[in-house]
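Chain by chain, the residues run as shown.
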There are 2 protein chains.
Amino acid sequence: MTYCVGIKLDRGLAFMSDTRTNAGIDSISTFRKMFTWSNPGERVIVLLTAGNLATTQAVVSLLDERSKAPSERMPSLLETPSMFQTARVVGNLVKEVISGSTPNGQSQDAFGASFILGGQIKGSEPRLFMIYPEGNFIEAGGDTPFFQVGETKYGKPILIRAYDPRMSFEETAKLLMVSFDSTVKSNLSVGMPLDMLFYERDSYRIGYQKRITGDDPYFRTISDGWSNALRNAFGSLPDFEMS
Amino acid sequence: MTYCVGIKLDRGLAFMSDTRTNAGIDSISTFRKMFTWSNPGERVIVLLTAGNLATTQAVVSLLDERSKAPSERMPSLLETPSMFQTARVVGNLVKEVISGSTPNGQSQDAFGASFILGGQIKGSEPRLFMIYPEGNFIEAGGDTPFFQVGETKYGKPILIRAYDPRMSFEETAKLLMVSFDSTVKSNLSVGMPLDMLFYERDSYRIGYQKRITGDDPYFRTISDGWSNALRNAFGSLPDFEMS
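As the structure is a computational prediction, the values presented were derived from the model and not from experiment.

Novice: Can you help me understand the overall build of chain A in this one?
Specialist: When helices and strands are tallied, chain A shows five helices and 12 strands. Taking 243 residues into account, the globule formula puts the C-alpha radius of gyration at 18 Å, and chain A, at 19 Å, falls close to it. Principal-axis analysis of the C-alpha atoms places the extent of chain A at approximately 70 × 45 × 35 Å. Taking the intrachain contacts of chain A between residues at least 6 apart in sequence as the baseline, contacts between residues at least 24 apart amount to 62%. If you sum the accessible surface of chain A, you get close to 10,400 Å²; carbon and sulfur atoms cover 49% of it. Charge separation in chain A, taken as the distance between the mean sites of 25 positive and 27 negative side-chain charges, equals 2 Å.

Novice: I tried to follow a nonpolar patch on the surface on my own but got confused; where do I start?
Specialist: Where nonpolar side chains cluster on the molecular surface, the patch consists of I25(B), I28(B) and L188(B) and spans about 340 Å² of accessible area. If you trace the backbone, I28(B) turns up in strand 4 (residues 28–30).

Novice: Sorry if this is basic, but what is going on with the relation of the copies chain A and chain B here?
Specialist: The operation relating the two chain copies consists of a rotation about an axis and a shift along that axis. Once turned by 180° and shifted 0.0 Å along the axis, chain A lies on chain B with an RMSD of 0.0 Å. Here the transformation between the copies is reduced to the relation of a two-fold axis. Of the residues that chain A buries at the interface, 100% are likewise interface residues in chain B, meaning the two copies contact each other through the same surface.

Novice: Would you take a moment to explain helix 4 (residues 169–186) of chain B for this structure?
Specialist: Every α-helix winds through 3.6 residues per turn, so residues three or four apart in the chain are directed the same way. Compared with an ideal rise of 1.5 Å per residue, which puts 18 residues at 26 Å, helix 4 of chain B spans 26 Å between its outermost C-alpha atoms and is within 8% of the ideal. Counting buried residues along helix 4 of chain B, 13 of its 18 residues qualify, which places the element largely inside the surrounding structure.

Novice: Just checking my understanding: could you explain the nonpolar core for this structure?
Specialist: Nonpolar side chains in soluble globular proteins tend to end up buried together. W226(A) and W226(B) are the most contacted members of the largest nonpolar core, which has 72 residues in total. Once residues lying within four places of it in the same chain are set aside, the contact partners of W226(A) are I158(A), V178(A), S182(A), T221(A), R161(B), L230(B), A233(B), F234(B) and L237(B). Counting residues in each nonpolar core, the second largest holds 21 residues, with L47(A), V60(A), M83(A) and A113(A) among its members.

Novice: Just to check I follow, could you spell out the side chain of T102(B) for this structure?
Specialist: Residues and elements named next belong to chain B. By the secondary structure assignment, T102 is in the loop between helix 2 (83–101) and strand 7 (113–121). Assessed through its relative accessible area of 11%, T102 is described here as buried. The contacts of T102, once residues within four sequence positions are left out, are S107, Q108 and F111.

Novice: What should I look at first to understand helix 1 (residues 53–63) of chain B in this one?
Specialist: Residues and elements named next belong to chain B. Taken together, the buried positions of helix 1 are T55, T56, V59, V60 and L63. For helix 1, the arc enclosing every buried residue in end-on projection is 125°, short of the 170-degree limit, so these residues lie on one face. Buried-residue contacts for helix 1 involve strand 5 (34–39), strand 6 (43–51), helix 2 and strand 7. Remark: E65 follows helix 1 within two positions and exhibits a positive phi of approximately 55°.

Novice: Sorry, what's going on with the packing of aromatic side chains here?
Specialist: The relative placement of two aromatic rings is captured by the distance of their centres and the angle of their planes. Per the stated rule, a full pass over the model turns up 16 aromatic pairs over all chains. Taken together, a centroid distance of 5.9 Å and an interplanar angle of 70° make the contact between F240(A) and Y208(B) edge-to-face. Here Y208(B) lies in the loop between strand 11 (194–200) and strand 12 (209–212) and F240(A) lies in the segment after helix 5 (217–236), a pairing that spans two chains. Each of the two residues, F240(A) as well as Y208(B), counts as buried. Ring geometry for F240(A) and Y218(B): centres 5.2 Å apart, planes at 65°, overall edge-to-face. Of this pair, F240(A) sits in the segment after helix 5 while Y218(B) is found in helix 5 (residues 217–236), placing the two residues in two different chains. Of note, K174(A) hangs over the ring of F234(B), and the distance from its end group to the ring centre comes to 4.5 Å.

Novice: Is there a simple way to explain the sheet that holds strand 8 (residues 127–131) of chain B in this structure?
Specialist: Note on sheets: strands pair through backbone hydrogen bonds, and any given pair is parallel or antiparallel. Residues and elements named next belong to chain B. Spatial strand order, 5-6-7-8-9: five strands in an open sheet with antiparallel pairing. This sheet does not close on itself; its edge strands, each paired only once, are strand 5 and strand 9 (137–139). Taken pair by pair, the neighbouring strands of this sheet meet at an average axis angle of 20°, ignoring direction. Helix 1 contacts strand 5, strand 6 and strand 7 of the sheet and is inclined by roughly 160° relative to strand 6. Of the strands in this sheet, strand 6, strand 7, strand 8 and strand 9 are in contact with helix 2, which crosses strand 7 at around 160°.

Novice: Quick question: what am I supposed to make of the sheet that holds strand 5 (residues 34–39) of chain A here?
Specialist: Residue and element names in this part refer to chain A. Reading across from one edge, 5-6-7-8-9 is the order of the five strands in this open sheet, with antiparallel pairing throughout. Each of the sheet's edge strands pairs with one partner strand only, and the pair in question is strand 5 and strand 9 (137–139). Averaged over all neighbouring strand pairs, the angle between strand axes comes to 20°, with direction disregarded. Relative to strand 6 (residues 43–51), strand 5 runs antiparallel, the two sharing six bridges. Bridging from a neighbouring strand, T36 pairs with V46 of strand 6. Sheet strands touched by helix 1 (residues 53–63): strand 5, strand 6 and strand 7 (113–121). Its angle to strand 6, the strand with the most contacts, is close to 160°. The sheet strands contacting helix 2 (residues 83–101) are strand 6, strand 7, strand 8 (127–131) and strand 9, and the helix crosses strand 7 at an angle near 160°.

Novice: Help me understand the environment of F35(B) in this model?
Specialist: With respect to the element layout, F35(B) can be found in strand 5. Setting aside chain neighbours within four positions, we find F35(B) in contact with I45(B), V46(B), L47(B), T49(B) and V60(B).

Novice: Where do I start with the interface of chain A and chain B in this structure?
Specialist: One frequently used descriptor of interface size is the decrease in accessible area upon assembly of the parts. Taken together, the 43 residues of chain A in the interface contact 43 residues of chain B. Here chain A packs against chain B, burying approximately 4,100 Å² in sum over the two surfaces, 70% of which is carbon and sulfur. Broken down residue by residue, the surface that chain A buries against chain B is led by R161(A), F234(A) and F240(A), which jointly contribute 24%. Taken together, chain A and chain B are joined by six salt bridges. Between K153(A) and E151(B) there is a salt bridge whose closest N-O contact spans 2.7 Å. Linking chain A with chain B are 20 residue pairs in polar contact (both at pLDDT 80 or more), by the criterion used here. Only helix 3 (156–162), helix 4 (169–186), strand 11 (194–200) and helix 5 of chain A provide two or more residues apiece to the side of chain A that touches chain B. A class-by-class count of the residues in the side of chain A that touches chain B yields 23 nonpolar, eight polar and 12 charged.

What counts and how
Think of each chain on its own: its residues are numbered from 1, step by step along the sequence as written. Written order decides the labels, with chains lettered from A and ligands numbered from 1. At least 70 in pLDDT is required for a residue's local features to be given in this predicted model, at least 80 for side-chain atom pairs to be given and counted, and no such filter applies to totals for whole chains, interfaces and linings, which use all residues. To obtain the side-chain values, all non-hydrogen atoms of the structure were used and water was disregarded. Strands are runs of DSSP state E lasting at least two residues, helices are runs of H or I lasting at least four, and both sets are numbered from the N terminus onward. Here the radius of gyration uses the C-alpha set of atoms, whereas the globule reference equals 2.2 Å times the residue count to the power 0.38. We call two residues contacting when some pair of their heavy atoms lies within 4.5 Å. Every accessible area reported is derived by Shrake-Rupley at a probe size of 1.4 Å, with residue values counting cover from the shown protein chains alone. By the counting rule applied here, Lys and Arg register as positive and Asp and Glu as negative, while His and the ends of each chain are not counted. A charge is said to be at NZ when it belongs to Lys, at CZ for Arg, at CG for Asp and at CD for Glu. A patch consists of residues whose relative accessible area exceeds 30% and which take part in no salt bridge; residues with like charges are grouped when within 9 Å of each other, and nonpolar side chains (Val, Leu, Ile, Met, Phe, Trp, Tyr) when within 5 Å. When a carboxyl oxygen of Asp or Glu lies within 4 Å of a side-chain nitrogen of Lys or Arg, that pair is called a salt bridge. Residues reaching a pLDDT of at least 70 in both copies supply the C-alpha atoms on which the copies are superposed by least squares. In this scheme, a helix's expected span is set at 1.5 Å multiplied by one less than its residue total. Any residue under 20% of the maximum accessible area for its type is buried, any over 50% is exposed, and the rest in between are partly exposed; the area is computed with a 1.4 Å probe on protein chains only. Definition used in this section: a nonpolar core is a set of buried Ala, Val, Leu, Ile, Met, Phe, Trp, Tyr and Cys residues joined via side-chain atoms within 4.5 Å. By arc we mean the arc of the directions from the helix axis to the C-beta atoms, nothing more. Aromatic rings from Phe, Tyr and Trp, taking only the six-membered ring of Trp, are treated as a pair when their centres fall within 6.5 Å; an angle between ring planes under 30 degrees marks them as stacked, one over 60 as edge-to-face, and anything in between as tilted. When the NZ atom of lysine or the CZ atom of arginine is within 6 Å of a ring's centre and also within 35 degrees of its normal, the charge is said to sit over that ring. Whether two strands pair depends on DSSP finding at least two bridges between them. Axis definition: a line fit to C-alpha positions, over the contact stretch in the case of helices; interaxial angles, taken between N-to-C directions, run 0 to 180 degrees. Note: buried area is the sum, over both parts, of the accessible area (probe 1.4 Å) each one loses when the two are combined. Any pair of N or O atoms that falls within 3.5 Å is considered a polar contact. Within protein, one atom must be able to donate a hydrogen and the other to accept it, and sequence-neighbouring residues count only if both atoms are side-chain atoms. Note that Gly is not counted as nonpolar here; it falls among the polar residues with everything else outside the nonpolar set of Ala, Val, Leu, Ile, Met, Phe, Trp, Tyr, Cys and Pro and the charged set of Asp, Glu, Lys and Arg.

Structural data, given as structure tokens:
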């Protein structure tokens with residue numbers, strides 16, 4: 001499993017992803033699931049990946065044009081005219097890689113992968129998409145300002161309740177860490193370290209980026225503090241009265 | 001989907017179940033998922049059901065011996081010598097009903113069902129079991145003092161963090177309502193009203209029982225109050241510092 005979140009804010013975009021991959025509970029590895037492409041001053045593109053690792057690695061390699069000789073590489077992600085076209089490029093590649101991996105007539109589920117794509121290209125707003133294994137995609141709007149892929153359930157209630165589009169990146173980091181802490185505590189297949197990235201609107205450069213390890217002091221403060229805060233919150237509600 | 005919880009406490013046992021069943025999102029009904037059998041002064045048995053409704057109804061009807069003429073009914077659940085034997089009776093029935101519904105050689109998943117069984121029979125402790133579609137079962141102990149069936153993920157973090165075996169029934173009702181509120185808010189296929197039951201250790205009679213509707217004033221207090229309490233808890237943690 002995996003857990004990745006992309007959030008749209010007034011200030012820009014925020015991303016977080018875990019790094020655990022597993023082929024069975026006895027075969028666990030650490031792989032980065034956050035990838036960036038940028039042409040500073042003109043565009044920034046961020047991709048978070050979930051699902052079959054062979055599929056997601058093939059998609060990222062093809063996006064990097066690693067099939068070409070290094071001198072000829074010029075990822076098409078740096079040439080798309082809009083984020084919508086970028087999502088189409090990624091979506092088509094996803095569909096192609098998955099159907100290429102699947103034996104004829106068989107279900108594609110085993111090779112499936114989902115992606116969160118966000119970024120900004122000069123001349124338009126920051127945009128955030130979720131791309132499905134079928135290659136089609138949806139865009140985040142005011143009603144649904146964030147996307148999750150992978151193990152989404154444990155970390156969703158706090159996102160729904162505490163999200164505010166006017167949040168600062170500092171508050172957003174706290175929100176993401178609470179959401180990831182709940183997920184890491186409940187599902188062994190989601191694990192530390194976490195990758196975090198903030199993109200500031202109209203900056204056209206990759207902003208703050210950090211890898212958060214399990215012993216990161218701030219993460220520990222949040223993880224321990226959230227358990228206490230939850231218990232206090234629970235204690236603050238009135239008990240039921242039998243009648 | 002469904003959401004049911006059974007909890008073991010020092011004071012006895014607590015149970016809660018929702019009442020929504022669905023065959024597709026356009027076919028929703030209300031069915032009770034909490035069933036009791038008792039011989040006051042000697043035993044109390046509570047069963048919570050999740051899964052295929054035809055399977056769970058067949059299991060409950062057979063436990064009631066509704067296949068016999070009314071005058072001959074004497075549910076074997078009132079004759080078992082121990083809760084362990086009661087779990088075996090239920091487990092065997094579950095296995096029988098599911099395999100009887102499944103065409104030869106096909107997967108049994110579509111007819112699957114899971115159960116939480118709890119109660120006390122004179123001469124032994126209150127006990128709590130989870131029964132699988134295969135008919136086998138596990139018992140709750142000190143390390144795992146509660147069982148959930150159905151949509152378990154949204155409501156689990158608060159159960160883990162706020163459970164205490166020394167809780168009163170009044171606090172347990174609060175805990176169950178918070179856990180169910182999070183689930184009802186996140187999954188349309190779990191719905192009000194809720195059924196709640198408390199069994200007090202060594203009472204050998206069904207204790208407090210209540211159906212909680214969506215407009216129940218206490219439930220509304222918890223539902224609204226928990227959103228605020230969570231936001232306050234979140235606000236009480238320090239923001240991240242970019243460095």
